[in-house]
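Descriptive analysis of the structure
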Amino acid sequence: MVEIEIDGKKVEVPAGSMVMDAANKLGTYIPHFCYHKKLSIAANCRMCLVEVEKAPKPLPACATPVSAGMIVRSASDKAVQAQKSVMEFLLINHPLDCPICDQGGECQLQDLAVGYGKGESRYEEDKRVVVPKDAGPLVSMQEMARCIQCTRCVRFGQEVAGVMELGMIGRGEHSEITAFVGQTVNSEMSGNMIDLCPVGALTSKPFRYSARSWELSRRKSVSPHDGLGANLIVQVKAGKVKRVLPLENDAVNECWISDKDRFSYEGLEAADRLTQPMLKQGGEWKEVDWQTALEYVAHGLKNIKHEHGANALAALATPHSTLEELHLLQKLTRAMGSDSVDTRLRHSDFSLSDVTPWLGMSITEFGQLNRAFVIGSFLRKDHPLLATRLRTAVKGGAKLSILHASDDDQLMNIANKMIVAPSEWLSALSQVVVAVAKAKEVAAPAGFEGVQASDVANAIAASLISGENKAVFLGNAATQHPQAAALHAAAQWIAEQTGAKLGYLTEAANTVGAYLVNANGAKAPAFSEQKQAYLLLNAEPELDAHNPQAAAAALKHAEMVVVMSAYKHGMDYADVLLPVSPFSETSGTFVNCEGRAQSFNGTVKPLLETRPAWKVLRVLGNILGLSGFDYDTSEAIRDEVLGAGVTDLSAKLNNTTKQAVVAAAAVSTGTERIADVPIYFADAVVRRAESLQKMADAAAPKAHLSSALAQQLGVAAGDKVKVTQGSGSAILVAAVDAKLPANAVRVAAAHASTAALGGMFGSITVEKAGEGK
């Protein structure tokens, strides 16, 4: 530790710290633009010049290392004069357009100009003009004349997002920030550049000119999308969500959020919002009041139970639903006598019954790993913020190994890759088991005698054995895999033998919470058994189910389908539509991947006749005459499940199975499907966010063929192909991906154009479409 003095106050900081770090520790504010605690030091704005005793001229606080006995003055005449001079230079070319600038009222330059700027400018020459640029549907670069070249956006891309999408060209007053020629900004983290920009150069395109910052009220919330549970500030005007920003929480999302978290609020105002209960009568949809709709549902459920038995009812929800909603859903279903309640709509293997999957560590620990082995994960798109933590760890020397079906660019160095078709994952993992057994000189499990470890398997084993903080993770695709239980058992054996932790990169905001409230009671994949009545909560089965074909058949066969959703969907198979609140209009709790329970309140009032789903389920329970449905608040439900004030639930979670490890030899199954769930198709709200749907990641799915398969079929990129799976087919545009396994076709799930196809894994047929098709 080194002791220095700033403005007469002494402070101790670690050797190698900068003067700015010491000032922050003291709570002394030094004006700055280019400095940011999460980015590297640039020292190019010079606003943080301070007087250091014995130094001949002012020095930048952000780039001056501390030394023992250093005396710093941040507000002396010499320091203030230097800061004022810098401000005068920064304002030379800056346009005087604060009244029409979206950053007005929350602009760092505006604030500091009040303290350090002159009342009038001495600059009489013409100001420079910077040509507006198109950066895509999310980030506006229309007013780049405002840019002060702090390069925060450039450094963020390189250091955090992992991709340099913006850079600086030119010199002196001709320098400007620009995107690469002909390219837009497409990173899944790009919106953070808007927050980082200290002026109004980079602004939010969806938010542009819709409100002034001082008109917005700020409310805390939690992201309902991926398993991280990013903390949000939801900004509201006139009862509508206008903007979403990150709420800094170093233990969860640091000061970042993904674009999915930031811009999905547009889906809350979608044209197909359901705002009134509706009944189908004589094939026609009619709006009714709540009492009529709920009594109709209760009557129908009682009749079906009477005629077909209690097990005729199935309740299915997405894990984007709150803890309180899922608790009441399972409570109602079981009170009706059925155990068929589930949130694992995209799963196909239900034999792993003794596990409550979670990350296996805190998110902070995850960022400190130096060895990781990730199995079956579209890492960057499924878990953007976890990927940034892993990217930082890899830059610091961590080694990442992956086993997956596609070799997507993760924007970080990957030490070892096993890219094989999904049917070969267990075989590939068996090789790693053998390699670990050989390296550790322990006996491999029974049945592994004939397995030979490849060079890559040996390298993965060596990597895991050599590290200290290490973990093996199963991603979304591994969880949805037909051999999920066997993959888990093999991964667990590898983790135990190498001293690594085992974890799951969980799919949705409340995947962990669904297990805690016992909302996963089904013994088979959703819709594999046809039921007479379905209660759907926030689920759109044609897009959210593992097998959309089976879902469509089961729902059309059912006598009663009740859809509880914020949106009008399922009009062809549903009998009742009940408008329930999205995350912004209800209070509730999400339990994230590390087992952290995060409660939130509604940020706006429910739209028209929309009601929070927990209230709807409570009233439905009362109408059905069930006991235990007398709750006044969502907090009462939460406390019944978790206990009052409990937020850390990691002790209740368990990744360890007693299932035996089984070996698998490589088997050829012909052409097989790889199905990813693209980042902007993952849930109902995101699918309706207009700006996100204009992004490259939301383009209509293509049939991505391996080079070998494309050559065999005589298909070139851009040709149309007919893809057939089960009883359905789709005509898609072909793309050729040289990084795919030879017998694999990558076709995205969760999109209307591929909803006619079957399961997310398994055999698939591809043929060149005829000219007339």
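The rules behind each value
- Residues numbered from 1 in each chain as written.
- Predicted model: local features only at pLDDT ≥ 70, side-chain atom pairs only at ≥ 80, totals over all residues.
- Heavy atoms only, no water.
- UniProt positions renumbered as here; feature names shortened; annotations may be inferred.
- Helix = DSSP H or I, 4+ residues; strand = E, 2+ residues; numbered from the N terminus.
- Buried < 20%, exposed > 50% of the residue type's maximum accessible area, 1.4 Å probe, protein only.
- Pairing = 2+ DSSP bridges.
- Axes fitted to C-alpha atoms, helices over the stretch in contact; angles between N-to-C directions.
- Salt bridge = Lys/Arg side-chain N within 4 Å of Asp/Glu carboxyl O.
- Contact = heavy atoms within 4.5 Å.
- Phe/Tyr/Trp six-rings, centres within 6.5 Å; stacked < 30°, edge-to-face > 60°.
- Lys NZ or Arg CZ within 6 Å of the ring centre and 35° of its normal.
- Domains from an automatic or database assignment.

**A word on the UniProt feature "domain: 4Fe-4S Mo/W bis-MGD-type" (unreviewed entry) in the protein chain**
Under the present numbering, the feature "domain: 4Fe-4S Mo/W bis-MGD-type" (unreviewed entry) in UniProt falls on residues 216–272. Secondary structure over residues 216–272 splits into 9% helix and 35% strand, and the C-alpha atoms at its two ends are 26 Å apart.

**Observations concerning the pairing of strand β30 (residues 720–725)**
Because side chains alternate across β30, one face comprises the buried residues Val-721, Val-723 and Gln-725, and the other comprises Lys-720, Lys-722 and Thr-724, none of which is buried. Inspection of the sheet shows β30 paired to strand β31 (residues 728–736) by six bridges, in the antiparallel sense. Paired with Val-723 across the bridge in β31 is Ala-730. Here β30 folds back onto β31, and the loop between the two strands holds two residues, one of which, Gly-726, carries a positive phi near 60°.

**A word on the sheet that holds strand β29 (residues 703–705)**
Strand order in the open sheet formed by six strands is β28-β32-β29-β31-β30-β33, with mixed pairing between adjacent strands. Only two strands of the sheet have a single partner each, and these edge strands are β28 (672–674) and β33 (765–768). Each neighbouring strand pair of the sheet contributes to a mean axis angle of 40°, computed without reference to strand direction. Relative to β33, β30 is paired through four bridges, and the arrangement is antiparallel. Residue Thr-724 lies in a different strand from β33, and its bridge partner there is Thr-765.

**Comments concerning the UniProt feature "domain: 4Fe-4S His(Cys)3-ligated-type" (unreviewed entry) in the protein chain**
According to UniProt, the feature "domain: 4Fe-4S His(Cys)3-ligated-type" (unreviewed entry) maps to residues 78–117 in the numbering used here. Helix and strand shares over residues 78–117 are 55% and 0% respectively, and the end C-alpha atoms of the span are 16 Å apart.

**Thoughts on the pattern of salt bridges**
Tallied over the full model, the rule gives 38 salt bridges. One salt bridge connects Glu-51 with Arg-73, and the closest N-O pair in it is separated by 3.8 Å. One end of the pair, Glu-51, is in strand β3 (residues 49–52); the other, Arg-73, is in strand β5 (residues 71–73), with 22 residues separating them in the sequence. For Glu-51, a relative accessible area of 17% corresponds to the buried category. We note a salt bridge from Arg-344 to Asp-342, for which the minimum N-O separation is 2.8 Å. Exposure remark for Asp-342: the relative accessible area of 2% places this residue in the buried category. Put simply, Asp-272, Arg-346, Glu-507, Glu-540, Asp-544, Arg-687 and Arg-688 are held in one network by salt bridges that share partners.

**Here's the deal with the environment of Val-432**
By the element assignment, Val-432 lies in helix α12 (residues 425–440). Val-432 sits in the buried class, given a relative accessible area of 0%. Spatially, the C-alpha atom of Val-432 lies 22 Å from that of Gln-410, the residues being 22 residues apart in sequence. Among residues more than four places away in sequence, those in contact with Val-432 are Phe-373, Met-418, Ala-457, Ile-460, Ala-461 and Ile-494.

**Some thoughts on the packing of aromatic side chains**
Here the structure, examined in full by the defined rule, presents five aromatic pairs. Centre to centre, the rings of Phe-156 and Trp-256 are 5.0 Å apart; their planes meet at 55°, and the pair counts as tilted. In this pair, Phe-156 sits in helix α4 (residues 152–161) while Trp-256 sits in the loop between β13 (240–246) and α6 (259–263), placing the two residues 100 residues apart along the sequence. Each member of the pair, Phe-156 together with Trp-256, is buried. Of note, Lys-331 hangs over the ring of Phe-629, and the distance from its end group to the ring centre comes to 5.7 Å. Looking at Arg-688, its charged tip hangs above the ring of Tyr-567, at a distance of 4.0 Å from the centre.

**What to know about the domain arrangement of the protein chain**
Taken domain by domain, the protein chain consists of domain 1 (2–92), domain 2 (108–204), domain 3 (213–269), domain 4 (278–352 + 511–642), domain 5 (363–504) and domain 6 (672–768). Of note, the centres of domain 1 and domain 3, computed from C-alpha atoms alone, are 33 Å apart.

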